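Residues per chain are reported as follows:
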Amino acid sequence: MNLELFVKKLPFLIIVFITLNNFEAATHDYYFGKLTIDHPYIIEPLPGSNVASGYMKITNRGNNKEILLSAKTSFSKSTEFHYMKIENNIMKMMKLENGIEIPAKGILILQPKSFHIMFLGLQKHLIKGEKEKVLLNFKKTGEIIVNFDIESIDKNNLHNHN
């Protein structure tokens, strides 16, 4: 390609590059077998905290249930799945030892005050606007690396994936 042709095509190439980068930044869905993972995110932990919570919506389009068995990261020592519920005006959090089931033709929503991933023993500060990779392991579908957005908590605008 000669220099003159390159210079003529440069504005077009810049527009394509910007468009693709913006598309990637706006994309929150992962399609993996019969599963769709929508908008994975982690709430930015308070300064000095060594734990964080992760959320997402998982849709199972398959005819069989699936189980999210584990999550692994390079930014935390360990992860656990938890479920929170309010019983007699007392909030209780339960560790889920056997993963989290996604029903056939169903939806699992990990959200505040419900199912979530706990990232324990943070190895670094998670900063709003950054992304962190999490390896999700499903019983039947296998493993996928997903980018979780780091977002700040906004009590007036909590995510609702219902």
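Residues numbered from 1 in each chain as written. Predicted model: local features only at pLDDT ≥ 70, side-chain atom pairs only at ≥ 80, totals over all residues. Heavy atoms only, no water.

Engineer: Sorry, what's going on with the overall build of the chain here?
Structural biologist: Secondary structure assignment for the chain yields one helix and 11 strands. Beginning at the N terminus, the succession of helices and strands in the chain can be written as α-β-β-β-β-β-β-β-β-β-β-β. Counting the 162 residues in the chain, one finds 37% classified as buried. Contacts in the chain between residues at least 24 apart in sequence constitute 65% of all its contacts with a sequence separation of at least 6. Surface accessibility of the chain: about 10,300 Å² in total, with carbon and sulfur atoms responsible for 55%. (Helix = DSSP H or I, 4+ residues; strand = E, 2+ residues; numbered from the N terminus. Buried < 20%, exposed > 50% of the residue type's maximum accessible area, 1.4 Å probe, protein only. Contact = heavy atoms within 4.5 Å. Areas by Shrake-Rupley, 256 points an atom, 1.4 Å probe, with all protein chains shown as cover.)

Engineer: Please explain the packing of aromatic side chains as it appears in this structure.
Structural biologist: Here the distance between the centres and the angle between the planes together describe a pair of aromatic rings. Inspection of the entire model under this criterion finds five aromatic pairs. With centroids separated by 5.3 Å and ring planes inclined at 40 degrees, the aromatic side chains of Tyr41 and Tyr55 adopt a geometry described as tilted. Within this pair, whereas Tyr41 is found in strand β2 (residues 35–43), its partner Tyr55 is found in strand β3 (residues 51–60), the two being separated by 14 residues in sequence. As far as burial versus exposure is concerned, Tyr41 and Tyr55 are alike and both buried. (Phe/Tyr/Trp six-rings, centres within 6.5 Å; stacked < 30°, edge-to-face > 60°.)

Engineer: Looking at this model, I keep getting lost on the pairing of β2. Mind explaining?
Structural biologist: Residues in a regular strand project their side chains so that they alternate between the two faces of the sheet. With eight of its nine residues buried, β2 lies for the most part within the structure. Direction of pairing for strand β1 (residues 29–32) relative to β2: antiparallel, over a ladder of four bridges. Across the sheet, residue Phe32 finds its bridge partner in β2, namely Leu35. Linking β1 back to β2 in an antiparallel pair, the connection comprises two residues, with Gly33 at a positive phi of about 60 degrees. Of the pairings in the sheet, the one linking β2 to β3 comprises six bridges and is antiparallel in character. Bridge pairing in β3 places Asp38 opposite Lys57. Alignment of β2 against strand β11 (residues 142–151), held across three bridges, turns out to be parallel. Bridging across to β11, Tyr41 finds its partner in Asp149. (Pairing = 2+ DSSP bridges.)

Engineer: Would you explain the environment of Ser53 in this entry?
Structural biologist: In this structure, Ser53 sits in strand β3. Placed 10 residues apart in sequence, Ser53 and Ile43 show a C-alpha to C-alpha distance of 6.1 Å.

Engineer: Help me understand the side chain of Glu151, please; the structure alone is not making it clear to me.
Structural biologist: In this fold, Glu151 is placed in strand β11. With no salt bridge to any partner, buried Glu151 finds its closest opposite charge in Lys131, at an N-O distance of 7.9 Å. Side-chain polar atoms of Glu151 contact the side chain of His39, separated by 2.8 Å. (Lys, Arg positive; Asp, Glu negative; His and termini not counted. Salt bridge = Lys/Arg side-chain N within 4 Å of Asp/Glu carboxyl O. Polar contact = N/O pair within 3.5 Å; in protein donor to acceptor, adjacent residues only side chain to side chain.)

Engineer: When you look at the nonpolar core in this model, what are you seeing that I'm missing?
Structural biologist: Taken as a class, soluble globular proteins show a tendency for nonpolar side chains to be buried jointly. In this structure, Ile37, Met56, Ile58, Ile117, Leu136 and Phe138 are the most contacted members of the largest nonpolar core, which totals 27 residues. Setting aside its immediate chain neighbours within four residues, Ile37 contacts His28, Asp29, Tyr30, Met56, Lys57, Ile58, Leu136, Phe138, Ile144 and Val146. (Core = buried A, V, L, I, M, F, W, Y, C linked by side-chain atoms within 4.5 Å.)

Engineer: Honestly, the confidence of the model for the chain in this entry has me stumped. Any pointers?
Structural biologist: Fine structural detail should not be taken from predicted coordinates in areas where pLDDT scores are low. Summing up the model confidence of the chain, the mean pLDDT is 85 and the portion of residues at 70 or higher is 78%. Here residues 155–162 is a poorly scored stretch, pLDDT under 50, and it has 11 contacts once near neighbours within four places are set aside; other chains count. (pLDDT = per-residue confidence, 0-100.)

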